[in-house]
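Listed here are the chains, written in short residue letters.
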Amino acid sequence: MLDDNEDVFDSVTWETPSGGGGGAAYKPPSSGPGFRQSTSDSVEEPRPHDPKWEGYLITSVKDPVKELAETKDAYVSYLVSAKSDLPIFSTPNPSSRRRFQDFVFLRNHLQSDFPACVIPPLPDKHRLEYVTGDRFSPEFMEKRRLELHRFLQRLSRHPTLQRSTLLRAFFESSEWNVHMHQHIAHPPGPEQNNGLIDNISDTLLNAFTKVRKPDERFLAMRENVDRFEERLNVSVRLWGRVRSRTNDDGADLIGEDLTGDYHDLAVAVQGLGFLESGITDQLNHFSNTLLEFSSMLRHVTRNGTDPFLVHLHSLLIYSHANRTILKLRDQKQMDFEENTVYLSNLTNERDRLSAVISGHAGSTGLGIGSYLREKVDALRGADDDRSRVEKMRKLDTRIKELQNAVTRTHDDSDAFSEEVLREQTIFQYAKEAEMKEMLGNMANAQIEFYKAAMDEWDRIIPVLQRIRVDV
């Protein structure tokens, strides 16, 4: 965790300042993880909530290995490595081996240490592979490796999370287990310890309430998140349909995939070769071309469409984490508003009692509600001045506590809102970088497929031209 005196949001901007100086100013790369990808030649003026970076962090997860293979405690470890010029790292190329539960520990504690940050999700551990034992299959381990790689990549793009001392220990520490036990033995302070219970109670209390004075900025953000997730869901559904029609792998829509159709067509053409003795060789070549094209379709599905669908779904879950931060901001505003309403009610009650004691109840203007309360108090035998004075004393104490609570929740709400505004800008940059990567990978896979397909069909043309047609 960061030191109390360290302001994690007060870092040097990544733009190189103009003008001379005694030392060489830091100049980050123009592209890469954690940096804005400019689409114009003009230099934009920095906005108030633009993120700031101290340097770069490029991470990778590779080389999954099954540890303790012949025991019941078998698990998979991954080589995590990084390249960075951040001053928090003691070496520019740290690396370590970590298992899945280490990633879970890292995420949970980052979420606790940085509640206003969008912490990327991890892949779900409760899968069928953990029941059947297939979690050690090469396919599952590779899929898990890619998901963990994306998780660290998202952390590396975040200007605050990339400088976390816990993330540094994740890459550098040779005594990670000791480091984890220290965090468990020394959890966050009491205020954060009660955070989960407080959040649950707040959620239950405000389940049917809304923000009284919604901020238009955050309403627009929620609408943007809604539209973004809606379009992602449409994309997942449509690309899933394309995938099923192209290659069902014998599991989804049998008989409706193009790879199977091209394979059947190849068999049919090969059968024609046995009947047409004069052009058997050419028909066999054409049949082989169809088989190769069917294989290419299967290849582009597995290496283009499938990763694209996985990334789309991962981006959707990442957006859910962003939505959670916006809900948490609304929750903090509702805490402030509820305390304000409660304070107002207690103040009115104190004013009513004061008016009754001073004998001016009829002229206080507090209305029929105050009159009814006074009659109820009289029926209960609580109409003497002594009980009213005691009640006023308790109300004054409670009002003072609530005034402090209102001030605290107001400050918390405002501070959290400022961090969320900054966080939305960071998330927007990260989202754009991921969409650029995701669409670029898909485009490259399609280009590779069509180039290979054109070459394959070009090779069959001279073979077909050898067919003699006598008129």
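Look above for the structure.
This structure is a prediction, so every number in the text was calculated from the model and none was measured.

Asker: Even after reading the chapter, I still don't get the overall build of the protein, so can you show me in this structure?
Answerer: Per the secondary structure count, the protein includes 12 helices and 3 strands. Burial statistics for the protein: of 471 residues in total, 38% are counted as buried. When the accessible area of the protein is evaluated, it comes to approximately 27900 Å², of which 54% is carbon and sulfur surface.

Asker: Would you explain the pairing of strand β2 (residues 75-84) in this entry?
Answerer: Each regular strand displays side chains that alternate between the two surfaces of the sheet. Of all 10 residues that make up β2, 7 are buried, and the element is covered over most of its length. With 9 bridges connecting them, strand β1 (residues 57-67) and β2 associate as antiparallel partners. Each bridged residue has a counterpart across the sheet, and for Lys66 the counterpart in β2 is Val76. Pairing geometry for β2 and strand β3 (residues 95-99), over 5 bridges, is antiparallel. For Tyr78, the partnering residue across the bridge sits in β3 and is Arg98.

Asker: Hey, could you run me through the side chain of Arg150 in this one?
Answerer: Checked against the element boundaries, Arg150 lands in helix α3 (residues 138-156). The charged side chain of Arg150 is buried without a salt bridge, its nearest counter-charge being Glu434 at 4.8 Å. Contact partners of Arg150, with chain neighbours within four places excluded, come to Val310, His311, Ser314 and Glu434.

Asker: Before we go on, may I ask you to explain a negative patch on the surface in this structure?
Answerer: Taken together, the side chains of Asp411, Asp412, Asp414 and Glu418 present a region of like negative charge at the surface. Its place among the elements puts Asp414 in helix α12 (residues 385-465). In this structure Asp414 comes out as partly exposed when scored by relative accessible area, which is 40%.

Asker: Teacher, can you tell me more about helix α8 (residues 216-246) here?
Answerer: Along an α-helix, residues three or four positions apart point the same way, because every turn accommodates 3.6 residues. Taking 1.5 Å of rise per residue, the 31 residues of α8 would be expected to cover 45 Å, and the 45 Å separating its terminal C-alpha atoms lies within 8% of that figure. All of the buried residues along α8 are Phe218, Met221, Val225, Phe228, Glu229, Leu232, Arg243, Ser244 and Thr246.

Asker: I keep staring at the packing of helix α1 (residues 100-113) against α3 and nothing clicks. Help me out?
Answerer: The description of two packed helices rests on the angle between their axes and on the distance between the axes. For the pair α1 and α3, the least separation of the axes is 12 Å and the interaxial angle reads 30°. Between α1 and α3, the angle is such that the two are roughly parallel. Between α1 and α3 lies a crossing of left-handed hand. Residues Phe100, Phe103, Leu106, Arg107 and Leu110 of α1 touch α3, and the partners they reach there are Arg144, Leu148, Phe151, Leu152 and Leu155. Of the residues that constitute the contact of α1 with α3, the class distribution is 8 nonpolar, no polar and 2 charged.

About the cut-offs
- Residues numbered from 1 in each chain as written.
- Predicted model: local features only at pLDDT ≥ 70, side-chain atom pairs only at ≥ 80, totals over all residues.
- Heavy atoms only, no water.
- Helix = DSSP H or I, 4+ residues; strand = E, 2+ residues; numbered from the N terminus.
- Buried < 20%, exposed > 50% of the residue type's maximum accessible area, 1.4 Å probe, protein only.
- Areas by Shrake-Rupley, 256 points an atom, 1.4 Å probe, with all protein chains shown as cover.
- Pairing = 2+ DSSP bridges.
- Lys, Arg positive; Asp, Glu negative; His and termini not counted.
- Salt bridge = Lys/Arg side-chain N within 4 Å of Asp/Glu carboxyl O.
- Contact = heavy atoms within 4.5 Å.
- Patch = residues over 30% accessible without salt bridge, like charges linked within 9 Å, V, L, I, M, F, W, Y side chains within 5 Å.
- Charge placed at Lys NZ, Arg CZ, Asp CG, Glu CD.
- Expected span 1.5 Å × (residues − 1).
- Axes fitted to C-alpha atoms, helices over the stretch in contact; angles between N-to-C directions.
- Parallel < 35°, antiparallel > 145°, perpendicular 65-115°, else oblique.
- Left-handed = near helix turned anticlockwise from the far one by under 90°.
- Nonpolar A, V, L, I, M, F, W, Y, C, P; charged D, E, K, R; others polar.

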